[in-house]
Amino acid sequence: MNIQIFNQTDQDVSSYEHVLNHVFSLIEEEKSLNIIIITNEEMQIMNHTYRHLDKPTDVLSFPYDEPFIDVLGDIFINLTYMKAQAENYGHSEAREIAFLAVHGYLHVKGYDHHTEEEEQIMFEKQETILSHAGLERKK
């Protein structure tokens, strides 16, 4: 799968770009995906605008509905939130940014986690993709 990564922060994200390119190169998909790395402040504005929650979050996904467009959608990842979550969960930032991107990708593909059954299906797909990329969750 082809991805386009856009960094809207003032931080170097080249190591994350490498990880994301590796993970998505393992996914067979004809369409591409945009991954936009943003700041905590930008994410709070987006979360307020689109979800009416006046607080930052880790990832937001926006699927493209037009079938003739070669892009599945946009995934916005909060760099600050990602780093804090990696530390809180005790795993690498590479694992966390890959997790958030794959989570967003699955949302764009129509998966969700509103019910236990949906959550189980989506989370199994996430872990399969991440394990295939060598980014298993630490137990």
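Details of the structure are given in the entry above.
Because the structure is a prediction, the values reported are computed rather than measured.

Cut-offs and rules
Position numbers for residues count from 1 along each chain, tracking the sequence in the order it is written. Local features in a predicted model are, by the rule used here, given only for residues with pLDDT of at least 70; side-chain atom pairs are given and counted only at 80 or more, and totals for whole chains, interfaces and linings are based on all residues. Side-chain measures here rest on the full set of heavy atoms in the structure, leaving out hydrogens and waters. Burial classification: accessible surface area is computed with a 1.4 Å probe over protein chains only, and a residue below 20% of its type maximum counts as buried, one above 50% as exposed, and the rest as partly exposed. Comment: elements are numbered from the N terminus, with helices defined as DSSP H or I runs of at least four residues and strands as E runs of at least two. Starting at the helix axis, one direction is taken to each C-beta atom, and the arc is that of these directions. Note on definitions: a residue-residue contact is assigned when non-hydrogen atoms from the two residues lie within 4.5 Å. Counted as a polar contact is a pair of N or O atoms within 3.5 Å, where, for protein atoms, one must be capable of donating a hydrogen and the other of accepting one, and residues adjacent in sequence contribute only when both atoms are in side chains. For this document, the term salt bridge refers to a Lys or Arg side-chain nitrogen within 4 Å of an Asp or Glu carboxyl oxygen. Pairs of strands are assigned from DSSP output, requiring at least two bridges between the strands. Seen with its strands pointing away from the viewer, a crossover is right-handed if its path from the first strand over the helix to the second goes clockwise.

Colleague: What am I meant to see in helix H3 (residues 79-89) here?
Modeller: Helical geometry: 3.6 residues make up each α-helical turn, so side chains three or four residues apart lie on a common side. Within the sequence span of H3, burial applies to Leu-79, Met-82, Gln-85 and Ala-86. Buried residues in H3, looked at end-on, bunch into an arc of 125°, giving them a common side. Looking at H3, the residues exposed on the side facing more than 90 degrees away from the buried face are Glu-87 and Asn-88. Buried-residue contacts for H3 involve helix H1 (14-25), strand E2 (32-38), strand E4 (71-78) and helix H4 (93-108). N-cap assignment for H3: the residue whose side-chain oxygen lies 3.1 Å from the backbone N of Thr-80 is Asn-78. In the segment just after H3, Gly-90 is the residue with positive phi, at about 75°.

Colleague: How should I be thinking about the environment of Thr-9 in this particular structure?
Modeller: Relative to the helices and strands, Thr-9 is located in the loop between strand E1 (3-7) and H1. We classify Thr-9 as buried; its relative accessible area is 14%. Residues Thr-9 and Gly-90, 81 residues apart in the sequence, show an inter-C-alpha distance of 24 Å. In contact with Thr-9, other than residues within four places in its own chain, are Ile-37, Ile-38, Thr-39 and Leu-79. At 2.7 Å, the side chain of Thr-9 and the side chain of Asn-7 are in polar contact. Within the structure, the side chain of Thr-9 is placed 3.2 Å from the backbone nitrogen of Gln-11, a separation counted as a polar contact.

Colleague: Sorry, what's going on with the pattern of salt bridges here?
Modeller: Two side chains with opposite charge may pair up if their charged atoms get near one another. Under the counting rule described, the total for this entry stands at 2 salt bridges. When the shortest N-O distance is used, the salt bridge between Lys-109 and Glu-29 registers 2.9 Å. Of the two residues, Lys-109 sits in the loop between H4 and helix H5 (116-132) while Glu-29 sits in the loop between H1 and E2, which places them 80 residues apart along the sequence. Since its relative accessible area comes to 38%, Lys-109 is described here as partly exposed. The partner of Arg-95 in a salt bridge is Glu-127, with the nearest N and O atoms 2.8 Å apart. Pair noted here: Arg-95 is in helix H4 and Glu-127 is in helix H5, with a separation of 32 residues, a long-range link.

Colleague: Any chance you could explain the side chain of Gln-85 here in plain terms?
Modeller: Take Gln-85: it is sitting in helix H3. In terms of polar contacts, Gln-85 uses its side chain to reach the side chain of Glu-96, at 2.6 Å. Residue contacts for Gln-85: discarding those within four places in its chain leaves Asp-58, Glu-96 and Leu-100.

Colleague: Explanation requested: the side chain of Asn-34 in the structure shown.
Modeller: Counting through the fold element by element, Asn-34 comes out in strand E2. With sequence-adjacent residues up to four places away left out, Asn-34 is seen in contact with Gln-4, Phe-6, Tyr-64, Val-71, Gly-73, Asp-74 and Ile-75.

Colleague: Would you take a moment to explain the pairing of E1 for this structure?
Modeller: It is a general feature of regular strands that their side chains alternate between the two faces of the sheet. For E1 and E2, the ladder comprises 5 bridges, and the chain directions are parallel. Across the sheet, the residue bridging to Ile-3 is Leu-33, located in E2. On the question of chirality, the crossover connecting E1 to the parallel E2 by way of H1 is left-handed.

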